[in-house]
Amino acid sequence: MPRSALNNTIVPLLRRLTKKLGEQQAKSELRWMTEHVRAVIGESGRPHEHAEPSYIGARLWRGQPAPSEAEIERDQKRFSSVQWAWLRQAVSDRVEKNKPLQYILGNQPFGKASIATRPPVLIPRWETEEWMLKLSELINSTRAQQAGNQPLRILDACTGSGCIALGLACELAADSARITGVDNSPHALALAADNLARNAKQLRNKVDFHELDLQSPSALARLQAHGPQWDMVVSNPPYVTPAEYAQLEADVRDWEDMRALVPIPADADSHTVDMGELDPSGMSFVVRLATLARELGLASADVAHAADPATTGIPRLVVEIGGEKQVEPTRQAMHDSGLSLTEVWKDMAETDRVVLGYLKA
């Protein structure tokens, strides 16, 4: 077989991936790469004019069975030399550089939203998508039973790629919410702005993004300037403990922003910070969010919107957490801030994933 023909076969690429990922995961990821090549990468190396890559990454969540070698081989028979070059580079990046597949594909569906992904901004996880969809259903069903609703003012704290804000804006009933995402990372805000433009046609509710360090003394005043009345705070905050971070795979640790994973003081340098001096529980930012909810009036029956029938039965604070060990500390932080009713949602893997805080009626 000529060397050029040998280079353009799938088996060597599959073997390289299998050594790193195991057979089943390697087959699945190679299928996703080949689908991306076929759907997105034109023969010239430029994206197809009407490429719609969002369905590709959906398999990352949906648990579809890995394809057979014959299926993979069949899918790649019509690739151009440029497409083959892209595929070989993608496999090399995955194996040698531990580059996450989502960064290679550059796209991740999140509910009805299509989220662009690029380092170092945190990659949307299926666990987060799952609770976002469940929260949307809760809000829609609760408000459908109420008349004369004003749009909910929702704050997405630590918005990152903007996936939660944009996911909610796509899923919630039209004109039922106004969602503001905040983050202190320029990389995150630039990506969130790109994703806002990317999803403009799918949005059913208004979304805006702003730079804000929630650990700053001026954070509360700036939030009150953006919206004097807030109804809910949602967040996938940094909650990974220093001990857990040390054990993360290189796919995560070498590529995604440490500040999006581990709660670090605002004035600390993530490259030089002493992990031994950080909060070992990973809870400091969750506690900050509970305090912020109180400061914004979400835990007080004295403010007008707290007793508004339009917000009855809707959580005031929704926070993703890292499992059972963080449930009680999160509940306590919410209780201490006046949210005396709490609820825990598990993810599909039966891990405690999100805590919701409500105002007691």
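Up top is the structure.
Along each chain, numbering runs from 1 in the same order as the chain's sequence is written. Two thresholds apply to this predicted model, a pLDDT of at least 70 for residue-level local features and 80 or more for giving and counting side-chain atom pairs, whereas whole-chain, interface and lining totals are computed over all residues. Here the side-chain values reflect all heavy atoms present in the structure, with hydrogen atoms and water set aside.

Colleague: Looking at this structure, I do not really get the layout of surface pockets. What am I missing?
Modeller: If a probe as big as a water molecule is rolled over the atoms, it shows which places are left empty. What the largest pocket holds in volume is close to 840 Å³. Residues are called lining when one of their atoms sits within 4 Å of a cavity or pocket point, these points coming from a 1 Å grid over the protein atoms alone, where a cavity is a set in which a 1.4 Å probe fits but cannot get out and a pocket is an open set with protein on both sides within 12 Å along at least five of seven lines. What lines the largest pocket is a set of 33 residues, among which Ile123, Arg125, Glu127, Val252 and Glu256 lie closest to the centre. Only DSSP runs of H or I with at least four residues qualify as helices, and only runs of E with at least two residues qualify as strands; both kinds are numbered from the N terminus onward. Those elements giving two or more residues to the lining of the largest pocket turn out to be α3 (23-40), α5 (59-62), α8 (101-105), α9 (126-144) and α14 (250-253). The class makeup of the residues in the lining of the largest pocket is 17 nonpolar, five polar and eleven charged. Here the second largest pocket defines a volume of roughly 500 Å³. Considering the residues around the second largest pocket, the lining is formed by 34 residues, among which Cys158, Asp183, Asn184, Arg259 and Ala260 are closest to the centre. When residues of the lining of the second largest pocket are traced back to their parent elements, those giving at least two are α10 (163-171) and β4 (177-183). Looking at the lining of the second largest pocket residue by residue, the classes come out as 20 nonpolar, eight polar and six charged. Grid points are joined across faces, edges and corners, and a volume is the space filled by probe spheres set on the points. Gly is placed with the polar residues, together with every amino acid not listed as nonpolar (Ala, Val, Leu, Ile, Met, Phe, Trp, Tyr, Cys and Pro) or charged (Asp, Glu, Lys and Arg).

Colleague: Mind showing me how you'd approach the pattern of salt bridges here?
Modeller: Pairing between side chains becomes possible if they bear opposite charge and their charged atoms approach one another. Salt bridge, as used here: a side-chain nitrogen of Lys or Arg that lies within 4 Å of a carboxyl oxygen of Asp or Glu. With the rule as written, the count across this model stands at 16 salt bridges. The salt bridge involving glutamate 23 is made with lysine 27; its shortest N-O contact spans 3.1 Å. Highlighted residues: glutamate 23 and lysine 27, both in helix α3, separated by four residues, approximately one helical turn. The exposure class of glutamate 23 is partly exposed, given its relative accessible area of 44%. Relative accessibility decides the category of a residue: with a 1.4 Å probe and only protein chains considered, values under 20% of the type maximum give buried, values over 50% give exposed, and everything between is partly exposed. Residue classification places lysine 27 among the buried positions, given a relative accessible area of 11%. In this structure, aspartate 93 and lysine 97 form a salt bridge, with 3.6 Å as the shortest nitrogen-oxygen distance. Accessibility expressed as a relative area gives 11% for aspartate 93, which makes it buried. You can call lysine 97 partly exposed: its relative accessible area is 48%.

Colleague: Teacher, can you tell me more about helix α15 (residues 284-295) here?
Modeller: Because the α-helix completes a turn every 3.6 residues, residues three or four places apart line up on one side. For a helix, the expected span equals 1.5 Å multiplied by the residue count minus one. With twelve residues, α15 should reach 16 Å at 1.5 Å per residue; the first-to-last C-alpha distance of 17 Å fits that figure. Looking only at α15, the buried set comprises Phe285, Val286, Arg288, Leu289, Ala290, Thr291, Leu292 and Ala293. Contact definition: two residues touch when any of their heavy atoms are within 4.5 Å. Residues of α15 that are buried in the fold lie against β3 (152-157), α12 (219-226), β6 (232-235), β7 (317-320) and α16 (327-336). Positioned one or two residues after α15, glycine 297 has a phi angle of 85°, which is positive.

Colleague: What am I meant to see in the packing of helix α2 (residues 10-21) against α3 here?
Modeller: Two quantities define a packed helix pair, namely the angle between the axes and the distance from one axis to the other. Axes here mean lines fitted to C-alpha atoms, for a helix over just the part in contact, with angles spanning 0 to 180 degrees between N-to-C directions. Interhelical geometry of α2 versus α3 gives an angle of 130° and a closest axis separation of 8 Å. Looking at the two axes, α2 sits oblique to α3. In this structure, α2 meets α3 at a crossing whose hand is right-handed. The residues of α3 that touch α2, namely those facing Ile10, Leu13, Leu14, Leu17, Thr18 and Leu21, are Glu23, Gln25, Ala26, Lys27, Glu29, Leu30 and Thr34. Looking at the contact of α2 with α3 residue by residue, the classes come out as seven nonpolar, three polar and three charged. Roughly parallel covers angles under 35 degrees, roughly antiparallel covers those over 145, roughly perpendicular covers 65 to 115, and oblique covers all other angles. Crossing handedness: left-handed means the near helix sits turned counterclockwise from the far one by under a right angle, and right-handed means the same turn made clockwise.

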